[in-house]
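Observations on the model geometry
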Amino acid sequence: MTDPLVRYEKQDAVSTITLDDGKVNALSPAMFGALNAALDRAESDGSVVLITGRAGRFSGGFDLGVFRRGREASVEMLLAGARTARRLLAFPAPVVIASSGHAIAMAAFLLTTADLRIGVSEAGTRICANEVEIGLTVPHFAVELCRQRLTPSAFQRALDLAHVFPPDEAVRAGFLDEVVPAADLSRVAQERALALAKLMRDAHTATKSRVRAQALAALDAAIESDLEDWNQRL
């Protein structure tokens, strides 16, 4: 699949989805549309999903320029982010995210949706939710995503204080499961994804639904609350 924002490549039982806008991989409505189209194809292919980004940067988060286009465009982007996160959390196949560098704001929230998260160990790599630094209130849906994966201490620091987590600390916090040198990321992520392809798919999907039932219910309620907020405030 060829798209100016997302590449889709299936090899063996793994579909690799690479975000690459040539810049910071801003999560715009167009990027979410391309990502969901790739997820549609992966679901049809019945493969394990491996999502990654361009070297040095997984994503800089929401496209802040969209907020300057007015309420309708802003709500479209925010809702696309929330619904994509919800889809990944409930995806009927294992999902691996190989965070190829910085993961900021919405990108950090996406990390919480995957079954397995692998990051790079390079110094200077940042994972953070910087909303309160730039004058934004963290959406309800993002709060619920972080609540179900982060430690209580990291949850507070990440959202209330915009704490920047370097790679090793991001593992302890719950944003990532492991970190490897950047040069090894693609190989390790493929190996982990292939290993997950050996799971019995029906059992995996049914168990994931049970394990994440409360988180998904809370996320659905949070998205409804966000829609009310966005329609009133933006």
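Coordinates for the structure precede this section.
Because the structure is predicted, anything quoted here is derived from the model rather than measured.

Listing the buried residues of helix α6 (residues 152-160) in full gives Ala 154, Phe 155, Ala 158 and Leu 159. Down the axis of α6, the smallest arc covering the buried residues is 110 degrees, so these residues share one side. Buried residues along α6 sit in contact with α4 (106-111), α5 (140-147) and α7 (167-173). In the segment just after α6, Ala 162 is the residue with positive phi, at about 55 degrees.

To continue, consider the nonpolar core. The biggest cluster of nonpolar side chains holds 65 residues, and the ones touching the most others in it are Ile 17, Ile 51, Met 106, Phe 109, Phe 141 and Phe 175. Here this core takes ten residues from helix α3 (residues 71-89), the largest share from any one element. Counting residues in each nonpolar core, the second largest holds 13 residues, with Val 48, Val 96, Ala 98 and Val 188 among its members.

Moving on: the pairing of strand β7 (residues 116-120). Counted residue by residue, β7 has five buried out of five residues, so it is predominantly covered. Burial along β7 is two-sided: Leu 116, Ile 118 and Val 120 and Arg 117 and Gly 119, pointing in opposite directions, are all buried. Summarising the sheet, strand β5 (residues 95-99) and β7 pair through four bridges and their orientation is parallel. From the neighbouring strand, Ser 99 faces β7, where its bridge partner is Gly 119. Note that β7 and strand β9 (residues 178-180) share three bridges and pair parallel.

Nonpolar side chains collect at one region of the surface, where Leu 64, Ile 134 and Leu 136 lie side by side and expose about 230 Å² of accessible area between them. Checked against the element boundaries, Ile 134 lands in the loop between β8 (127-128) and α5. For Ile 134, a relative accessible area of 43% puts it in the partly exposed group.

Okay, the sheet that holds β8 next. Whether parallel or antiparallel, the strands of a sheet pair through hydrogen bonds between backbone atoms. With parallel pairing, three strands are arranged side by side in an open sheet as β4-β6-β8. Looking at the sheet topology across the chains shown, the edges are occupied by β4 (56-59) and β8. In this sheet, β8 lies alongside strand β6 (residues 101-104) in parallel orientation, the contact comprising two bridges. Residue Ala 103 lies in a different strand from β8, and its bridge partner there is Ile 127.

Cut-off values and rules
All residue numbers here refer to positions counted from 1 along the written sequence of the relevant chain. Since the coordinates come from a predicted model, pLDDT governs what is reported: local features require at least 70, and pairs of side-chain atoms require 80 or more to be given and counted, while whole-chain, interface and lining totals use all residues. Hydrogens and water molecules were not included; the side-chain quantities draw on all heavy atoms of the structure. Only protein chains enter the accessibility calculation, which uses a 1.4 Å probe; a residue whose area is less than 20% of its type maximum is buried, one above 50% is exposed, and one in between is partly exposed. Runs of E in the DSSP output that reach at least two residues are strands. Runs of H or I that reach at least four are helices, and both are numbered from the N terminus. Along the arc lie the directions from the helix axis toward the C-beta atoms. Throughout, a residue-residue contact means that at least one pair of heavy atoms, one from each residue, lies within 4.5 Å. Nonpolar core, defined: a set of buried Ala, Val, Leu, Ile, Met, Phe, Trp, Tyr and Cys residues in which side-chain atoms within 4.5 Å join the residues together. Only when DSSP finds a minimum of two bridges between them are two strands counted as paired. A patch consists of residues whose relative accessible area exceeds 30% and which take part in no salt bridge; residues with like charges are grouped when within 9 Å of each other, and nonpolar side chains (Val, Leu, Ile, Met, Phe, Trp, Tyr) when within 5 Å. Computed by Shrake-Rupley with a 1.4 Å probe, the accessible areas treat only the displayed protein chains as cover when residues are assessed. What counts as a salt bridge is simple: a side-chain nitrogen of Lys or Arg found within 4 Å of a carboxyl oxygen of Asp or Glu.

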